[in-house]
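Here is what each chain is made of, one letter per residue.
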Amino acid sequence: MELIQNTPDLSAYLAADEAIDHDHPVVRETAARLAENVPDSYAYARAAFEFVRDAVPHSQDSGDPRVTWRASDVLALRTGICYAKAHALAALLRAEDIPTALCYQKLDVVHGLVAVRFNGAWHRQDPRGNKPGVDAQFSLDGERLAWMPDPESNEVDYPVLYAEPHPTVLRALKTAPDRPGLWTTLPTAL
């Protein structure tokens, strides 16, 4: 699948916004801590991915009713669904000047991912969090995502790489009173 930037300006994939608030002290402190023990940007990207995947539980898996959407809140509260975890990973990567996009799949509902840019190409990553039957890994040598869409079930990979969260996704997160309420309003398509 050819990934398509929704803006040609690569600097847009380094910018902060209300959800990817990489200028926030919580994001900056986490990024600095992760960067201490790595030799290069690639190793940092892997460390940031593994941190978000493993140290921030997916709220559905953990039973946490809170809905987070801002990267700093995801990192401070250590909870979030796929979209929120993607925002946190994008903020950590952008904090270290690694271009990062948000991207999505349509499964039963829309699922959130990120794409990182290394060596002139985009590489999708899924920080959702592993569990039995899910083994997402950081990889630049082929995708190791949580799920691959089943075309026979009308599931698809959306090829667009967004510099900011998709408005439909952000609206669902910001208006949900709690995770059970969010589950009733998750987008089923973009």
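Residues numbered from 1 in each chain as written. Predicted model: local features only at pLDDT ≥ 70, side-chain atom pairs only at ≥ 80, totals over all residues. Heavy atoms only, no water.

Caption draft 1: Geometry of the environment of Thr168. With respect to the helices and strands, Thr168 occurs in helix α6 (residues 167-175). Residues within four places of Thr168 in sequence aside, it is in contact with Pro187 and Leu190. (Helix = DSSP H or I, 4+ residues; strand = E, 2+ residues; numbered from the N terminus. Contact = heavy atoms within 4.5 Å.)

Caption draft 2: Looking closely at the packing of helix α1 (residues 25-35) against helix α2 (residues 41-55). Packing of α1 against α2 leaves a shortest axis separation of 9 Å and a crossing angle of 125°. Considered as vectors, α1 and α2 are oriented oblique to each other. Classified by chirality, the crossing of α2 by α1 is right-handed. Where α1 approaches α2, its residues Thr30, Ala31, Arg33, Leu34 and Ala35 are matched on the opposing element by Tyr44, Ala47, Ala48 and Phe51. (Axes fitted to C-alpha atoms, helices over the stretch in contact; angles between N-to-C directions. Parallel < 35°, antiparallel > 145°, perpendicular 65-115°, else oblique. Left-handed = near helix turned anticlockwise from the far one by under 90°.)

Caption draft 3: Fine view of the sheet that holds strand β4 (residues 121-125). Spatially, four strands are ordered β4-β3-β2-β5 in an open sheet, and the strand pairing comes out antiparallel. Single-partner strands in this sheet number two, and they are β4 and β5 (156-157). Relative to β5, strand β2 (residues 100-106) is paired through two bridges, and the arrangement is antiparallel. Bridging from a neighbouring strand, Gln105 pairs with Asp157 of β5. (Pairing = 2+ DSSP bridges.)

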